[in-house]
Amino acid sequence: MNYIILLLESLLVCCMMILFYKQGKKRGLYLCVAIMASILCVTSFKLVDILGFQVNLGLPLVSGIFISSNIIVQKYGLDEVKKIIITFLMSSILVFLFINLTGVISRSEYNLVSNLAYDNLFAYNLSNLRIFVGGILSTSLMLYYNSYIYYYIRRSKNRLLFSNIGSMLIIQFIESTIFIILSYTFIYSSTELFGMIVIRYLIKVIVGLVGLLPVYVIVKMKDK
């Protein structure tokens, strides 16, 4: 079931990028980044078991943001990097604050069971705060450094496939390592942390390879 959820997420991300670009061009891609960041802010707190290791549910969304960033840089240049990161940060922070605000407002001593379930998944606590901070830091760094790596590989090799795969293999490992260390150190053992990094990285690479389809489709589309 967990594999099916990740597969459906991946297909949804690919369809979103193509649809949003077709409807709104550059603005559509930025809106896509904002929506994926908002959903990621909710799903990243949920862990599922993949090959015996815990994996965050929103991984395809991270890859979707990564791919959208590559497309924007490819079509509109490095000047867009700052705007991409700001779009991601604003969407994530606003959703996180909204979730925690509703958690405070909805508390009731007569509804302790549901409040506990809500707190474990969404509400303001140290564990979720670490995941949130780990997510925005690792993804922001991913977007910043990936844009430059992608741009320079693309300029030197002038091959869309090579630049996407090259930047993905480098940056996704760095992002996975930063996120897991910031979010789960002292919670899981060293072996478990290493396994979580590897599984997270492999899933993101697989989703990234699938995401080459919307990259090719969008890059070939002409802005009107």
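Residues numbered from 1 in each chain as written. Predicted model: local features only at pLDDT ≥ 70, side-chain atom pairs only at ≥ 80, totals over all residues. Heavy atoms only, no water.

1. Considering the overall build of the protein
And step 1. Along its length, the protein carries eight helices and two strands.
And step 2. Along the protein, helices and strands appear, N-terminal first, in the series α-β-β-α-α-α-α-α-α-α.
And step 3. The buried share among the 224 residues of the protein stands at 50%.
And step 4. Relative to all contacts within the protein whose residues are 6 or more apart in sequence, the contacts with residues 24 or more apart total 75%.
And step 5. Per element, the accessible surface of the protein, about 11500 Å² overall, is 71% carbon and sulfur. (Helix = DSSP H or I, 4+ residues; strand = E, 2+ residues; numbered from the N terminus. Buried < 20%, exposed > 50% of the residue type's maximum accessible area, 1.4 Å probe, protein only. Contact = heavy atoms within 4.5 Å. Areas by Shrake-Rupley, 256 points an atom, 1.4 Å probe, with all protein chains shown as cover.)

2. Re the environment of Leu89
And step 1. Along the polypeptide, Leu89 turns up in helix α3 (residues 81–105).
And step 2. Sequence separation between Leu89 and Ser38 is 51 residues, and the spatial gap between their C-alpha atoms is 9.6 Å.
And step 3. Once residues lying within four places of it in the same chain are set aside, the contact partners of Leu89 are Ile136 and Ser140.

3. Concerning unusual backbone geometry
And step 1. Of note in the backbone geometry, Lys25 takes a positive phi value of approximately 55° without being a glycine.
And step 2. Relative to the helices and strands, Lys25 resides in helix α1 (residues 2–43).
And step 3. Even without a glycine there, the phi angle at Phe186 is positive, about 75°.
And step 4. The residue Phe186 is located in the loop between α6 (160–184) and α7 (190–210) in this model.

4. Section: helix α8 (residues 212–220)
And step 1. Those residues of α8 that fall on the buried side of the exposure criterion are Leu212, Pro214, Val215, Ile218 and Val219. Viewed along the axis of α8, the buried residues span an arc of 160°, placing them on a single side of the element. Among the exposed residues of α8, those oriented more than 90 degrees off its buried face are Leu213 and Lys220. (Arc of directions from axis to C-beta.)

5. Some words on the packing of helix α2 (residues 59–76) against α7
Think of two packed helices as two axes; the pair is described by the angle between the axes and how far apart they sit.
And step 1. Two elements in contact, α2 and α7, have axes whose closest approach is 9 Å; the angle formed by their N-to-C orientations is 50°. In terms of orientation, α2 and α7 fall into the oblique class. Between α2 and α7 lies a crossing of right-handed hand. Residues Leu59, Pro60, Val62, Ser63 and Ile67 of α2 lie in contact with α7, whose contacting residues are Arg200, Ile203, Lys204, Val207 and Gly208.
And step 2. Per-class residue counts for the contact of α2 with α7 are six nonpolar, two polar and two charged. (Axes fitted to C-alpha atoms, helices over the stretch in contact; angles between N-to-C directions. Parallel < 35°, antiparallel > 145°, perpendicular 65-115°, else oblique. Left-handed = near helix turned anticlockwise from the far one by under 90°. Nonpolar A, V, L, I, M, F, W, Y, C, P; charged D, E, K, R; others polar.)

6. Focus: the packing of α7 against α8
And step 1. Axis separation between α7 and α8 bottoms out at 4 Å; the angle between their running directions is 35°. For the pair formed by α7 and α8, the contact residues are Gly208, Leu209 and Val210 on the first element and Leu212, Leu213 and Pro214 on the second.
And step 2. Split into classes, the residues belonging to the contact of α7 with α8 amount to five nonpolar, one polar and no charged.

7. Structural notes on α2
And step 1. Taking 1.5 Å per residue as the helical rise, α2 with its 18 residues ought to reach 26 Å, and the 26 Å between its terminal C-alpha atoms agrees with that figure.
And step 2. Among the 18 residues of α2, 15 are classified as buried, and the element is accordingly described as predominantly covered. (Expected span 1.5 Å × (residues − 1).)

8. Some remarks on the confidence of the model for the protein
Predicted coordinates in regions of low pLDDT should not be interpreted in detail.
And step 1. Summary statistics for the protein give a mean pLDDT of 85 and a share of 86% for residues scoring 70 or more.
And step 2. Mean pLDDT per element in the protein: helix α4 (residues 112–121) is the minimum at 50, and α7 is the maximum at 93. (pLDDT = per-residue confidence, 0-100.)

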